[in-house]
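Coordinates in review
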Amino acid sequence: MKQTDITNLMEGLKKLANFWQSTGINPLDNYAWRELMQIYELKALLPSIKKVPGRDGKDAEALAEGYQNIEFKSNQFKAETPKKKIKRKLKWPSIVLDMSKADGEKNPYKWQGFGHSVFNTNGDLIPLASFFITKDHIEKLHPLWDETIENYTKAKQKRKASGKKVGDQRAYIKLSQFLEYVDEKDIIWFKDGVKVDSVLL
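A brief structural summary. Counting restarts for each chain, with residues numbered from 1 along the sequence as it is written. Selection of residues for local features in this predicted model requires a pLDDT of at least 70, selection of side-chain atom pairs for listing and counting requires 80 or more, and totals for whole chains, interfaces and linings are taken over all residues. Computation of side-chain values: all heavy atoms of the structure, hydrogens and water removed.

1. Focus: unusual backbone geometry
Negative phi values dominate among residues other than glycine, just as trans dominates among peptide bonds. The phi dihedral of Asp 192 is positive, around 55°, even though this residue is not glycine. For Asp 192, the position within the fold is in the loop between strand 8 (188-191) and strand 9 (194-196). Here the term buried applies to any residue with accessible area under 20% of the maximum for its type, exposed to any over 50%, and partly exposed to those in between, with areas from a 1.4 Å probe on protein chains only. In this structure Asp 192 comes out as partly exposed when scored by relative accessible area, which is 45%. Helix and strand definitions here come from DSSP, where helices need a minimum of 4 consecutive H or I residues and strands a minimum of 2 consecutive E residues; each element is numbered from the N-terminal end.

Here it is in C-alpha cells:
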C-alpha cells in the first residue's frame, strides 16, 4: 500500500464521518451507502424520499408521496470477465428476504414500495441496474410473499423434523417470479443510474 493510498483512505473516512455526524446515517453500516444510491436514483420520482437511520424497520420513506415504508434490497454482479475486460450480459441475482429477524414473515406485507439494485463488484457507486415497484402495484406481490414464506416455512419444518439445524434463514426470489405478478411496464427501471423503459433483454 502506497502512502497516497493511505492518504486517500484517511480523507475518505473523514468525509464519511462528517456525513455520519451530519445525517445520523453511517454509510458503511449494513450497506447503507447502497440504499443511499438507490434513493438518489428515485429522487425525480419521489422528491421527498429520504433514508431512515437504523438497521431495523423501514429503509426509507417519502411522506409527501404517501410512502411510510420503503424497502430496498441489493446484490453484486461481476460485470466483466475475470481475465479480459469483456462485459457480461446482466444475469439478475435472486432477491433475498431475511427471515431471521423478528416479524420477518410479516414485514413484506408492510412495504409500500420495493426496490432492488445490482451493483458491480468493481466498487462502482451507481448501480448497474435497478427496479422499483410503486405503491400502486406493491399489493400485487402479496401472493408472492405468501408463496415464498410458505415454501420457506415448510423447508424449515422439514429440516427440524429430520433433526437438522435450521441453517440458512433466508428466502430467495427470482426476478422472473416478480414478473409473474407485476407487469414489466408497471415497474420503474434504471440502468447505470438513468431511468429506462426496461433492462430486460
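2. With respect to the packing of aromatic side chains
Here the aromatic set is Phe, Tyr and Trp, taking the six-membered ring for Trp, and pairing holds for ring centres within 6.5 Å; pairs whose planes are under 30 degrees apart are stacked, those over 60 apart are edge-to-face, and all others are tilted. All chains considered together, the criterion is met by 12 aromatic pairs. On the basis of an interplanar angle of 80° and a centroid distance of 6.1 Å, the ring pair of Trp 145 and Phe 178 is categorised as edge-to-face. Of the two residues, Trp 145 is situated in helix 3 (residues 142-161) and Phe 178 in helix 4 (residues 175-178); the sequence distance between them amounts to 33 residues. There is no split in this pair, since Trp 145 and Phe 178 are both buried. Each member of the aromatic cluster is reached from another via a ring pair, and the members are Trp 92, Trp 111, Phe 114, Phe 131, Trp 145, Phe 178 and Trp 189. Criterion for a charge above a ring: Lys NZ or Arg CZ within 6 Å of the ring centre, and within 35 degrees of the ring normal. Just above the ring of Tyr 31 sits the side chain of Arg 34; from NZ or CZ to the centre is 4.0 Å.

3. Overview of the pairing of strand 6 (residues 129-133)
Regular strands have side chains that alternate between both faces of the sheet. Burial analysis of strand 6 places 5 of its 5 residues in the buried class, which makes it a mostly covered element. A two-sided burial pattern is seen for strand 6, the buried positions comprising Ala 129, Phe 131 and Ile 133 on one face and Ser 130 and Phe 132 on the other. The sheet contact formed by strand 5 (residues 113-120) and strand 6 spans 5 bridges and is antiparallel. What sits directly across from Gly 115, in strand 6, is Phe 132. Pairing between two strands requires that DSSP report at least two bridges joining them. Sheet analysis places strand 6 next to strand 8, joined by 4 bridges and oriented antiparallel. Paired with Phe 131 across the strands is Trp 189, a residue of strand 8.

4. Observations regarding helix 3
With 20 residues, helix 3 should cover 28 Å at 1.5 Å per step; its first-to-last C-alpha distance of 28 Å lies within 8% of that length. Whether two residues are in contact is decided by their heavy atoms, any of which lying within 4.5 Å being enough. Along its buried surface, helix 3 packs onto strand 4 (95-98), strand 7 (170-173) and helix 4. The first or second residue beyond helix 3 is Gly 163, which carries a positive phi of 80°. Every helix has an expected span of 1.5 Å times one less than the residues it contains.

5. Describing helix 1 (residues 3-23)
Count 3.6 residues to each turn of an α-helix, and residues three or four apart come out pointing the same way. In this model helix 1 runs 30 Å from its N-terminal to its C-terminal C-alpha over 21 residues, within 8% of the 30 Å that 1.5 Å per residue would give. One or two residues past the end of helix 1 sits Gly 24, with phi positive at roughly 80°.

6. What to know about the nonpolar core
Buried Ala, Val, Leu, Ile, Met, Phe, Trp, Tyr and Cys residues that are joined via side-chain atoms within 4.5 Å together make up what is termed a nonpolar core. Counting 27 residues, the largest nonpolar core has Trp 92, Phe 131, Ile 133, Leu 141, Trp 145 and Phe 178 as the members making the most contacts within it. Within the residue set of this core, elements represented by two or more residues are strand 4, strand 5, strand 6, helix 3, strand 7 and helix 4. Apart from residues lying up to four places away in sequence, Ile 133 is in contact with Gly 113, Phe 114, Ile 138, Leu 141, Phe 178, Val 182 and Ile 187. Judged by nonpolar contacts, the second largest core, of 12 residues, contains Ile 39, Ile 49, Phe 72 and Phe 132.

7. A word on a nonpolar patch on the surface
Within the patch definition used here, like charges are joined within 9 Å and nonpolar side chains (Val, Leu, Ile, Met, Phe, Trp, Tyr) within 5 Å, considering only residues with over 30% relative accessible area and no salt bridge. Residue-level accessible areas treat just the shown protein chains as cover; the underlying method is Shrake-Rupley with a 1.4 Å probe. Between Lys or Arg on one side and Asp or Glu on the other, a salt bridge is scored when a side-chain nitrogen of the former is within 4 Å of a carboxyl oxygen of the latter. Taken together, the side chains of Leu 9, Leu 13, Leu 16 and Leu 28 define a hydrophobic patch exposed on the protein surface, amounting to about 350 Å² of accessible area. Mapped onto the elements, Leu 16 comes out in helix 1. We classify Leu 16 as partly exposed; its relative accessible area is 30%.

8. Brief notes about the pairing of strand 5
The buried fraction of strand 5 is high, at 8 of 8 residues. The alternating pattern of strand 5 places Gly 113, Gly 115, Ser 117 and Phe 119 and Phe 114, His 116, Val 118 and Asn 120 on opposite faces, both of which are buried.

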